[in-house]
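Reading the structure
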Amino acid sequence: MRPPPLDRVRLPEARLTTALRRSLVEAVGGFHVRDDAETRVRHAAGRSYVDLLRLRSGTLDSAPDAVAYPGNAAEVLAVLRACTEHECAVVPFGGGTSVVGGVAPLRDGMRCVIAVDVERLDSASGVDAIGMTATLQAGMRGPHIEAVLNARGMTLGHFPQSFEYATAGGFAATRSAGQASSQYGRFDEMAAGLAMQSPSGELITDALPPAATGPSLLQALLGSEGTLGVITEVTVRVHPLPHVEHYAAWSLPDLAHGLDVMRQLAQDGGKPHVARLSDADETRAAFAMSSGRATPVARRYLRVRGQPAPCLMVLGWEGDGDVVGQRVRVASRVLRRAGAVGLGAAPARAWRRDRFQAPYLRDALLDRGVLVETLETVTRWSAVDAVRRAVRGALISSLSERAQPLIGCHVSHIYRDGASLYFTVLAEQRRGDAVEQWVAAKRAATDALLAQGAALSHHHGVGVDHSRWMPSAVGERGMALLQALKRELDPTGVMNPGKLLVASEPELTTF
Ligand SMILES: Cc1cc2nc3c(=O)[nH]c(=O)nc-3n(C[C@H](O)[C@H](O)[C@H](O)COP(=O)(O)OP(=O)(O)OC[C@H]3O[C@@H](n4cnc5c(N)ncnc54)[C@H](O)[C@@H]3O)c2cc1C
């Protein structure tokens, strides 16, 4: 099923009242309030498999009634006040790359729903070259952030796979983690402070080094997924551009040896910027998809070296030459002890070159009727393989109706105490009820990972899709506390309703 042209997508009638439209126009100017069909379609969904199915169906049963594009913090505040007064739900919208229903335009009892797109907030409003921080407006996308910083000899080092489209505000709102997180940290570690506009007013957390002024307000706002207010600015910790980059690939005899290497690198020095370990199934798929002439030779060579079901590891170090050299030496010792076979720089370079390309493959697979989706979690080192097996088992029993699904898993963010697991699922799509097919599989996988004590999400966040599990993830009192925070900042509940803090079944037909 190919996607229909945008002008053929059927939308629900826009419900913006004349009075609210007038207030929005007063807030941001007539040119920056749009309700044409293309704008509404572009803001009607994120980028999950279910989102793509909905977009491809040619009929959207929900879409924002309009989109407002504020140009500064005061305009954001004016939009939120207008929406509060007119009982209109507000969906903060960055790059729209959410894969958990975070930008789903839910009314949730409100009279209408608008998206507030922060694309006009797109400059760096300050760089402190001594303290190594930069203040980024919320709408800056990944490449723009790096271009501005690189021009000053700096980098943020935040490279999620959605880098090309996702924004600074979105990174903060979802506690995003990039591919080099093992060294540069997750976005919630990079953030030093932020400015948020809420229906109750502006909230600014000072951009200071870590302090002891009670519980961290900054951490309470990070990951709020648009449910408390619109983040307009984030101050982040930045780094000097690396002088040296060293990327290489290894093959490990099995996952257990690979995980042991990853853990030692995270705990005992040698820690890389990029650390990826694929299980045997994902490695087999990577070899099969590789067009390089060396691939069949490499597979034969690995068999001869006693690795019939190898696990591919890509490691990358960046920074000062001496530090990189020292870490590579430590890692080489650990790898040798684990029986790793060096594959050289070429596979790692190929991974690096193509690292933002894989998502584009999804469209071709969807065109051919393939179910293609990912899910992720994080857990302690001692539980990593048990979680992998449990999730894999749940997905296989849910999706094996016709053909066996293909399930690959990799570890790509390592910590002293544990690691994330990222699953890629390919299966034959069940025509007619493809959404229900995936919803059932995702529920089974999520129940399985929670039963193993793993986290509901490592970096995709909660959105609509994971909200039903939030009470069990944070506990009743935890939910009550988060809801109290929301009541303070958003007393009438206009901010992104139906996401994150919902204890009941969500309104949308996703989860
Ligand atoms: C192909 C693909 C690969 C991905 N890879 C990664 C990855 O490697 N690492 C990772 O962490 N994530 C990844 N994601 C998920 C997604 O990109 C992240 O969650 C990202 O941080 C979202 O940023 P965004 O600007 O697109 O936000 P959006 O999708 O626009 O919004 C996400 C959520 O944040 C809220 N929000 C957005 N902007 C603001 C704001 N200014 N103020 C308040 N709330 C706001 C929205 O309301 C929504 O709830 C991937 C997604 C895709 C489609």
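Report follows, based on the coordinates. All of these numbers come straight from a predicted model, not from anything done at the bench.

Re the pairing of strand β9 (residues 201–205)
As paired elements, strand β8 (residues 191–198) and β9 share five bridges and run antiparallel to each other. Bridge pairing in β9 places M196 opposite L203. Count of turn residues in the β8/β9 antiparallel hairpin: two residues.

Looking at the side chain of H158
Within the secondary structure layout, H158 lies in the loop between β7 (154–155) and α6 (168–174). Beyond its immediate chain neighbours, meaning those up to four positions away, H158 contacts E146, F163, F171, S176, A177, G178, F187 and M190.

Concerning the environment of G223
Turning to its location among the elements, G223 is positioned in the loop between α9 (217–221) and β10 (230–237). What makes G223 buried here is its relative accessible area of 15%. Among residues more than four places away in sequence, those in contact with G223 are A172, A173, T174, R175 and L500.

Digging into the sheet that holds strand β5 (residues 124–128)
The strand order across the open sheet formed by five strands is β5-β6-β10-β8-β9, and the pairing between neighbours is antiparallel. Each having just a single partner strand, β5 and β9 make up the two edges of the open sheet. The average angle at which neighbouring strand axes cross in this sheet is 10°, direction not considered. Taken together, the six bridges between β8 and β10 define a ladder with antiparallel strand orientation. Considered in β10, the bridge of G193 is made with T235. This element, helix α4 (residues 73–85), spans β8, β9 and β10 of the sheet and lies at about 45° to β8.

Overview of α4
A rise of 1.5 Å per residue sets the reference length of α4, with its 13 residues, at 18 Å; its end C-alpha atoms lie 19 Å apart and thus fit the reference within 8%. Considered for burial, the residues of α4 that qualify are E75, V76, L77, V79, L80, A82 and C83. For α4, the N-terminal cap is N72; the gap from its side-chain oxygen to the backbone nitrogen of A74 is 3.1 Å. Note on α4: the residue one or two positions beyond its end, E87, has a positive phi of about 50°.

Here's the deal with the site of the ligand
In the neighbourhood of the ligand, 32 residues make up the surrounding shell, with P92, G94, T97, S162 and T167 lying closest. Here G102 contributes a backbone N or O atom positioned 3.1 Å from an oxygen atom of the ligand. Out of a free accessible area of 960 Å², the ligand has 96% covered by protein chains. When residues of the shell around the ligand are assigned to their parent elements, the largest contribution, five residues, is made by α6. Among the residues forming the shell around the ligand, the class breakdown is 13 nonpolar, 17 polar and two charged.

Quick notes on the rules
Along every chain, residues carry numbers that run from 1 in the direction the sequence is written. For a predicted model such as this one, the threshold for reporting local features is a pLDDT of at least 70, and the threshold for listing and counting side-chain atom pairs is 80 or more; totals across whole chains, interfaces and linings nevertheless cover every residue. The basis for the side-chain values is all heavy atoms of the structure; hydrogens and waters are excluded. At least two bridges found by DSSP between two strands are what make those strands a pair. Only DSSP runs of H or I reaching four residues or more are called helices, and only runs of E reaching two or more are called strands; each is numbered from the N terminus. We call two residues contacting when some pair of their heavy atoms lies within 4.5 Å. Burial status follows relative accessibility: with a 1.4 Å probe on protein chains alone, a residue under 20% of its type maximum counts as buried, one over 50% as exposed, and anything between as partly exposed. Note on geometry: axes are lines fitted to C-alpha atoms, helical ones only across the stretch in contact, with angles between N-to-C directions running from 0 to 180 degrees. One less than the residue count of a helix, multiplied by 1.5 Å, gives the span that helix is expected to have. Polar contact criterion, stated in full: a pair of N or O atoms within 3.5 Å, where within protein one must be able to donate a hydrogen and the other to accept it, and residues adjacent in sequence count only if both atoms are side-chain atoms. In this text, near means that some heavy atom of the residue lies within 4 Å of the molecule or strand in question. In this description, accessible areas are obtained by the Shrake-Rupley approach with a 1.4 Å probe, and a residue is regarded as covered only by the protein chains that are shown. All residues other than Ala, Val, Leu, Ile, Met, Phe, Trp, Tyr, Cys, Pro, Asp, Glu, Lys and Arg, Gly among them, are scored as polar; the first ten of these are nonpolar and the last four charged.

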